[in-house]
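# Chains, contacts and geometry: an overview
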Amino acid sequence: MPKAYVYTRHGGPETEAFAELDRPVPGPGELLIAVRAAGVNPVDWKLRNGFRRPGEGEARFPVVLGSEAAGVVEETGEGVTGFAVGDEVFGNTPGGAFAEYALLTASVTAHKPAALSFADAATLPVAGATAYDGVRQLDLPEGATLLVTGAGGGVGAAALQIAHAWGLWVVGVASEGKKDLVESLGAVHVPSGPGLADRVRAAAPQGVDGVYDLVGGEVLAEAAGLLADRTKLITAGAPPETVAALGGARVERARTAAVLDEVAELVVAGELDPHVSGTFPLEKADEALRAVEDGHALGKIVIEVAE
């Protein structure tokens with residue numbers, strides 16, 4: 001039976017386990033893929049801890065971990081058009097990605113360009129697309145200054161590059177250990193920690209025109225104070241009510257195949273490097289998730305599944 005990495009109840013890493021599960025059957029609007037790579041994201045361990053996305057029901061255990069995957073189409077569900085068995089694709093998974101087989105939602109699945117590796121493609125449905133959606137939502141004019149908090153993670157690293165490619169002047173907030181990464185992606189690095197606002201003012205004396213927050217909490221509040229126009233404050237790191245109280249908004253996710261196509265083209269054109277800093281085989285999915293949960297990973301962590 002196919003292998004998958006799951007959590008069996010809400011809680012910490014002790015709830016995780018490998019399991020042999022029936023091969024998924026694609027429903028209407030779904031694709032079944034043989035997974036070749038799966039991206040690892042903070043939302044994966046947050047869901048394990050009990051976080052629920054808006055509109056989601058209660059978890060049905062065991063739950064397969066992972067939210068994005070790339071692989072080869074094995075079967076198509078009712079009503080699916082534009083995809084055939086053998087196609088190389090990447091997209092969002094409604095039923096988990098850390099597995100030998102996974103379901104993708106066809107409307108949020110794109111064909112993988114031949115020049116794009118499975119590992120890089122697997123980082124785009126969550127991190128790459130979230131970065132793209134946020135920078136596009138801010139709609140800053142060329143030459144404007146964008147501040148990105150949490151700039152050393154998967155979404156942050158992608159946001160720095162997309163903003164730079166679109167002609168923005170970018171400041172990235174991250175730990176000292178991620179300074180080289182931030183600067184290599186075309187941004188000015190500002191160390192995280194208390195006194196953030198003063199360091200940003202020193203780095204960007206012209207002021208900040210937009211803030212893309214990926215941290216929340218006090219970091220979000222300090223960053224908000226740098227803006228004259230709070231409509232240019234967005235977050236993927238805090239609840240809607242928290243950012244609304246500061247005059248900003250959550251990132252509005254498009255969740256379309258068209259966005260995935262556009263992000264993939266940025267990678268192929270050399271304007272976006274997914275910066276996969278570590279790969280793990282499926283058998284070490286626990287180590288891959290710890291690398292992200294511990295908060296020390298540079299860029300993206302990917303799980304690779306052998307054919």
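Residues numbered from 1 in each chain as written. Predicted model: local features only at pLDDT ≥ 70, side-chain atom pairs only at ≥ 80, totals over all residues. Heavy atoms only, no water.

### Quick word on the overall build of the chain
Of the regular secondary structure elements, the chain holds 10 helices and 16 strands. Relative to the compact-globule value of 19 Å for 307 residues, the chain shows a C-alpha radius of gyration of 19 Å, a close match. When the backbone C-alpha atoms are referred to their principal axes, the chain occupies close to 60 × 40 × 35 Å. Across the 307 residues that make up the chain, the buried fraction comes to 51%. Once local pairs closer than 6 in sequence are excluded, the contacts in the chain between residues at least 24 apart make up 65%. Per element, the accessible surface of the chain, about 12900 Å² overall, is 51% carbon and sulfur. Here the chain contributes 23 positive and 42 negative side-chain charges, whose respective centroids are spaced 4 Å apart. (Helix = DSSP H or I, 4+ residues; strand = E, 2+ residues; numbered from the N terminus. Rg over C-alpha atoms; globule rule 2.2 N^0.38 Å. Buried < 20%, exposed > 50% of the residue type's maximum accessible area, 1.4 Å probe, protein only. Contact = heavy atoms within 4.5 Å. Areas by Shrake-Rupley, 256 points an atom, 1.4 Å probe, with all protein chains shown as cover. Lys, Arg positive; Asp, Glu negative; His and termini not counted. Charge placed at Lys NZ, Arg CZ, Asp CG, Glu CD.)

### With respect to the environment of V80
Structurally, V80 is set in the loop between strand 5 (68-76) and strand 6 (88-92). The exposure class of V80 is buried, given its relative accessible area of 14%. Taking the C-alpha atoms as reference points, V80 and H275, 195 residues apart in sequence, are found 32 Å from one another. For V80, the residues in contact, after removing those within four places along its chain, are G29, E30, L31 and A106.

### So, the pattern of salt bridges
One pass over the structure, following the stated rule, counts 13 salt bridges. The residue R48 makes a salt bridge to E16 at a minimum N-O spacing of 2.7 Å. Of the two residues, R48 is situated in helix 1 (residues 42-49) and E16 in strand 2 (residues 16-20); the sequence distance between them amounts to 32 residues. Each member of the pair R48 and E16 is classed as buried. (Salt bridge = Lys/Arg side-chain N within 4 Å of Asp/Glu carboxyl O.)

### Some details on the layout of surface pockets
Considering only enclosed or pocket space, the second largest pocket measures out at about 460 Å³ in volume. When residues of the lining of the second largest pocket are traced back to their parent elements, those giving at least two are strand 1 (3-7), strand 4 (63-64) and strand 7 (101-105). A per-element tally of the lining of the second largest pocket places strand 7 first, with three residues. Taken together, the residues that form the lining of the second largest pocket break down as 14 nonpolar, two polar and five charged. (1 Å grid on protein atoms, 1.4 Å probe; cavity = no way out; pocket = protein on both sides within 12 Å on 5 of 7 lines; lining within 4 Å. Points joined across faces, edges and corners; volume = space filled by probe spheres on them. Nonpolar A, V, L, I, M, F, W, Y, C, P; charged D, E, K, R; others polar.)

### Description of empty space enclosed by the protein
Throughout the structure, instances matching the rule amount to one cavity of 30 Å³ or more. Approximately 50 Å³ is the volume found for the largest cavity. In terms of lining, the largest cavity is formed by T123, L124, A127, G128, G154, A157, A158, Q161, L272, D273, P274 and K300. Looking at the lining of the largest cavity, the elements that each hand over two or more residues are helix 3 (124-138) and helix 4 (154-165). Here the lining of the largest cavity gets four residues from one element, more than from any other, and that element is helix 4. Here the residues of the lining of the largest cavity sort into six nonpolar, four polar and two charged.

### Digging into the pairing of strand 1
Sheet faces and side chains relate simply in a regular strand, where the side chains alternate between the two faces. Across the five residues of strand 1, four count as buried, placing the element largely inside the fold. As paired strands, strand 1 and strand 4 are joined by two bridges and run antiparallel to one another. Along strand 4, the bridge assignment pairs Y7 with V63. (Pairing = 2+ DSSP bridges.)

### Focus: helix 3
With 15 residues, helix 3 should cover 21 Å at 1.5 Å per step; its first-to-last C-alpha distance of 20 Å lies within 8% of that length. With respect to burial, helix 3 is a largely interior element, 13 of its 15 residues being buried. Following helix 3 by one or two positions, D139 adopts a phi angle in the positive range, close to 50 degrees. (Expected span 1.5 Å × (residues − 1).)

### With respect to the packing of helix 1 against helix 10 (residues 285-293)
Here helix 1 crosses helix 10 at 100 degrees, and the two axes come no closer than 8 Å. Comparing their axes, helix 10 and helix 1 come out roughly perpendicular. On the side of helix 1, the interface is formed by P42, D44, W45 and R48, while helix 10 contributes L289, R290, V292 and E293. Here the residues of the contact of helix 1 with helix 10 are counted per class, giving four nonpolar, no polar and four charged. (Axes fitted to C-alpha atoms, helices over the stretch in contact; angles between N-to-C directions. Parallel < 35°, antiparallel > 145°, perpendicular 65-115°, else oblique.)

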